[in-house]
Amino acid sequence: MSKQRRLSKIFAQDGKSVTLALDGYFFSTKTAGIDETIKRMPELVANGLDCALITYGMARNYADAFNDVSIVLRVDSTVSIYENGVPDTQQVFGAEDALKIDADGMVCMTFPGAFNEEKTHAMAARLAKEAELWGMPFIVESLPYGYAVSSPESNEAKVIADAARIGVELGADIIKTRFSGTPDDYLIVEASIVPVLALGGPKTDTLNYFKFVEHCMNMGAKGVAVGRNITQDPKPVAMVAGLNAIIHQGASPEEAFAIYNTQK
């Protein structure tokens, strides 16, 4: 299968994607809601989910759940699972493993400006070469100074934009990164030159979260890659329906919130 064909499964026909990040087990012990959300995958897909970022173990143990959704294999993990700030990462899988589970892509992190910058860049470059060899879309989650927002600079649009561009130069087909929530976030998309998925987002009430997602789309993002804001929401299916309305239908945050509230 060609890279372009796989990319067309990650993104819908409009070139946008509602992506669910289920790969938290590789980075944290704060994983409440993930398994329960996987069991509701058919409902999520029916309400607009396009893609899921998963672990190798999920592909083996929940294979049937992912029959009707695009999957991307997380190929790196933390080196210290009990330190939820993700102090460092390591490669644990590669392109051939992604092919074994019939994944449509693979994803890893890199940390421009962090103490482990050299190592994470080398990992991303190595994986980009594998991805090119096998026609596998490659998502680089490029986060300045490390996994968490650790300083004002690490959440500054220009700094995030610089980090995103490094991910592109290392070989990313898609960039996944944070958005600052400021008007300068257009710089992130402008620098990336490949599709950008806005990661996560603030832990806030649902309406304000939808406003953040609308902001990201207005800045030029092609969608979101969301974990806990779906898996730990009381109504994960309703959250996906609301995101689908904003991302694929151009709904306002208020309209998406109304859809969220009508879901059981």
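Above this note sits the structure.
Calculation criteria
Residues numbered from 1 in each chain as written. Predicted model: local features only at pLDDT ≥ 70, side-chain atom pairs only at ≥ 80, totals over all residues. Heavy atoms only, no water. Core = buried A, V, L, I, M, F, W, Y, C linked by side-chain atoms within 4.5 Å. Buried < 20%, exposed > 50% of the residue type's maximum accessible area, 1.4 Å probe, protein only. Contact = heavy atoms within 4.5 Å. Disulfide = S-S within 2.5 Å. Axes fitted to C-alpha atoms, helices over the stretch in contact; angles between N-to-C directions. Helix = DSSP H or I, 4+ residues; strand = E, 2+ residues; numbered from the N terminus. Parallel < 35°, antiparallel > 145°, perpendicular 65-115°, else oblique. Left-handed = near helix turned anticlockwise from the far one by under 90°. Nonpolar A, V, L, I, M, F, W, Y, C, P; charged D, E, K, R; others polar. Salt bridge = Lys/Arg side-chain N within 4 Å of Asp/Glu carboxyl O. 1 Å grid on protein atoms, 1.4 Å probe; cavity = no way out; pocket = protein on both sides within 12 Å on 5 of 7 lines; lining within 4 Å. Points joined across faces, edges and corners; volume = space filled by probe spheres on them.

Peer 1: Requested: an account of the nonpolar core, with residues and values cited.
Peer 2: L22, F66, F138, F179 and L243 are the most contacted members of the largest nonpolar core, which has 69 residues in total. If near-sequence neighbours (up to four positions away) are discounted, L22 is found in contact with I34, I38, M41, A52, L53, I54, M58, F66 and T231. Among the nonpolar cores identified, the runner-up in size contains 12 residues, and F11, L53, V107 and L197 belong to it.

Peer 1: Account for the state of the cysteines, with residues named and values stated.
Peer 2: Within this structure, the stated rule accounts for 0 disulfides. Free cysteine C51: the closest other cysteine sulfur is in C108, separated by 15 Å. A relative accessible area of 0% places C51 in the buried class.

Peer 1: Explain the packing of helix α9 (residues 206-218) against helix α12 (residues 253-262) to me, and be specific about the residues and the numbers.
Peer 2: As a packed pair, α9 and α12 sit with axes 9 Å apart at the nearest point and diverge in direction by 135°. The angle between α9 and α12 falls in the class oblique. Considering how the two elements wind past one another, α9 and α12 form a crossing that is right-handed. Residues T206, L207, F210, K211 and E214 of α9 pack against P253, E254, A256, F257 and Y260 of α12. Here the contact of α9 with α12 is composed, by residue class, of 6 nonpolar, 1 polar and 3 charged.

Peer 1: An account of the pattern of salt bridges is needed here, citing residue identities and associated values.
Peer 2: Within this structure, the stated rule accounts for 12 salt bridges. Between E132 and K3 there is a salt bridge whose closest N-O contact spans 2.9 Å. Note that E132 is positioned in helix α6 (residues 117-134) and K3 in helix α1 (residues 3-10), a separation of 129 residues in sequence. The class for E132 is exposed, based on a relative accessible area of 57%. Judged by its relative accessible area of 15%, K3 falls in the buried class. Among the salt bridges present, the one from K176 reaches E141, with a minimum N-O distance of 3.0 Å. Here K176, found in strand β8 (residues 174-177), pairs with E141, found in strand β7 (residues 138-142); they are 35 residues apart in sequence, far enough to count as distant. Comparing K176 with E141 shows no difference in burial state: the two are buried.

Peer 1: Can you lay out the layout of surface pockets for me, pointing to particular residues and giving the numbers?
Peer 2: Rolled over the atoms, a probe sized like a water molecule indicates the empty space that remains. Space inside the largest pocket adds up to approximately 870 Å³. Together, 37 residues line the largest pocket, and Y147, L199, G200, G201 and R228 are the ones closest to its centre. Take the lining of the largest pocket: its biggest share by element is 3 residues, from helix α10 (residues 228-231). As a volume, the second largest pocket reaches approximately 170 Å³.

That is the geometry; function is a separate question.
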